[in-house]
Amino acid sequence: MVEQSFKERVRLKLMDCAVLYYELLVQKDYLIFSRDFKYQKYYIVSAFEDNFLHLTGVQTSLEAKNFFEKCYQKTIKDTDFELGGKSQKGSIRRKISVLENAIKIFSSEDIVVEERFHKNRISCSFAAAERVCTIGFTNTELTKPQTVLKGYQLQSEIEVDFILSRDKGEKDFQTVVYNALNIKLEECMELIKTK
């Protein structure tokens, strides 16, 4: 049996994770709420197809949205992306090993967050983490996935009270995804209004 090359393992992982990314992040928006937030009442995460490339660490001449579509449709070829040099490969290896966990972060029982997250040259409005990964989000009104880091990278964690979701394009949040307070959706909405 021939052992798969690292590039082939990355290619297969990209295709699997693109499907998950579409289902869990592109088709949904999430509202993350904590009574301990200092800089915003809550954060709304709204991911798009073209945010996927940033999370992988690979290099490509394809436009970000086209790259995602090829991964999602499982037509991405190993000639469509590059792994770069030795340090780049190490970064890709770390990102790819936790990418699935990062995509599923909002349903993790261990989720914690940090506002104004900074790590090396990375600066995010907030980051969410659990024991195996950290995912950072952009400094924009609707935050978008910006980076994935292997391991727990937060400096000062904040407990999340609840996370709500809605289907992309909907106005109201319809589902409680995570609920440390054990309260109903209506009570969650009241807390958001009164904070």
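Just so we're clear, the structure is a prediction, and the values are computed from it rather than from any experiment.

Student: A description of the overall build of the protein should follow, citing residues and the corresponding values.
Tutor: For the protein, the count of helices and strands is 5 helices and 9 strands. Here the C-alpha atoms of the protein give a radius of gyration of 17 Å, agreeing with the 16 Å that 2.2 N^0.38 yields for 195 residues. Along the first, second and third principal axes, the C-alpha set of the protein runs to 55 × 35 × 30 Å. Scored against the burial criterion, the 195 residues of the protein give a buried share of 48%. Expressed as a percentage of contacts within the protein between residues at least 6 apart in sequence, the contacts between residues at least 24 apart total 58%. Summed over its atoms, the accessible surface of the protein is roughly 10,400 Å², and 46% of this surface lies on carbon and sulfur atoms. Counting 30 positive and 29 negative side-chain charges, the protein places the centres of these two groups 6 Å from one another.

Student: Can you tell me about the packing of aromatic side chains, naming the residues and giving the values?
Tutor: Applying the stated criterion across every chain yields a total of 13 aromatic pairs. Ring centres of Tyr-43 and Phe-126 lie 4.6 Å apart, and the angle between their planes is 35°; on these two criteria the pair is classed as tilted. Taken as a pair, Tyr-43 in strand E2 (residues 42–46) and Phe-126 in strand E4 (residues 122–130) lie far apart in primary sequence, 83 residues in all. Residues Tyr-43 and Phe-126 agree in their burial class; the two are buried.

Student: Tell me about helix H4 (residues 86–103), and please be specific about residues and values.
Tutor: Taking 1.5 Å of rise per residue, the 18 residues of H4 would be expected to cover 26 Å, and the 26 Å separating its terminal C-alpha atoms lies within 8% of that figure. Of the positions making up H4, those classed as buried are Gly-90, Ile-92, Lys-95, Ile-96, Val-98, Leu-99, Ala-102 and Ile-103.

Student: So what about the sheet that holds strand E9 (residues 175–179)? Which residues, and what values?
Tutor: Across the sheet, which stays open at both edges, the 4 strands sit in the order E2-E1-E8-E9 with antiparallel pairing between neighbours. The sheet is open, and its two borders are formed by E2 and E9, each paired with just one other strand. The mean angle between the axes of side-by-side strands here comes to 20°, regardless of whether they run parallel or antiparallel. As paired elements, strand E1 (residues 28–33) and strand E8 (residues 162–167) share 6 bridges and run antiparallel to each other. Bridge pairing links Tyr-30 to Ser-165 in E8. Packing of helix H5 (residues 185–194) onto the sheet brings it into contact with E1, E2, E8 and E9, and relative to E8 it is tilted by some 105°.

Student: Tell me about the environment of Thr-147, and name the residues and values.
Tutor: Secondary-structure assignment places Thr-147 in strand E6 (residues 145–150). Once you skip the residues sitting within four places of it in the chain, Thr-147 turns out to touch Leu-55, Lys-95, Ile-122, Cys-124, Thr-134, Ile-135 and Gly-136. Reaching out from Thr-147, the side chain makes a polar contact with the side chain of Lys-95 at a distance of 3.4 Å.

Basis of the calculations
- Per chain, residue numbering runs from 1 following the sequence as it is written.
- The predicted nature of this model means local features are confined to residues of pLDDT at least 70 and side-chain atom pairs, given and counted, to a pLDDT of 80 or more, with totals for whole chains, interfaces and linings taken over all residues.
- Side-chain measures were taken over the full set of non-hydrogen atoms in the model, leaving aside hydrogen atoms and water.
- Elements are defined by DSSP. Helices are runs of H or I of four residues or more, strands are runs of E of two residues or more, and each kind is numbered from the N terminus.
- Only C-alpha atoms enter the radius of gyration, while the globule expectation follows 2.2 Å times N to the 0.38, with N the number of residues.
- The cut-offs for exposure are 20% and 50% of the maximum accessible area for each residue type, with area from a 1.4 Å probe on protein chains only; residues under the lower value are buried, those over the upper are exposed, and the others partly exposed.
- Only heavy atoms matter for contacts: two residues are in contact if any of them lie within 4.5 Å across the pair.
- Every accessible area reported is derived by Shrake-Rupley at a probe size of 1.4 Å, with residue values counting cover from the shown protein chains alone.
- Charged residues are defined here as Lys and Arg on the positive side and Asp and Glu on the negative side; His and the ends of the chain fall outside this count.
- To locate a charge, take NZ of a lysine, CZ of an arginine, CG of an aspartate or CD of a glutamate.
- Think of it this way: a Phe, Tyr or Trp ring, Trp meaning its six-membered ring, pairs with another when their centres are within 6.5 Å, and the plane angle makes it stacked under 30 degrees, edge-to-face over 60, tilted otherwise.
- Given a helix with a known number of residues, its expected span is that number minus one, times 1.5 Å.
- By this definition, two strands are paired if DSSP reports at least two bridges between them.
- Interaxial angle, 0 to 180 degrees, is taken between N-to-C directions of lines fitted to C-alpha atoms, where a helix line uses only the stretch in contact.
- Nitrogen and oxygen atoms within 3.5 Å of one another constitute a polar contact, given that in protein one can donate a hydrogen and the other can accept it, and given that sequence-neighbouring residues count only through two side-chain atoms.

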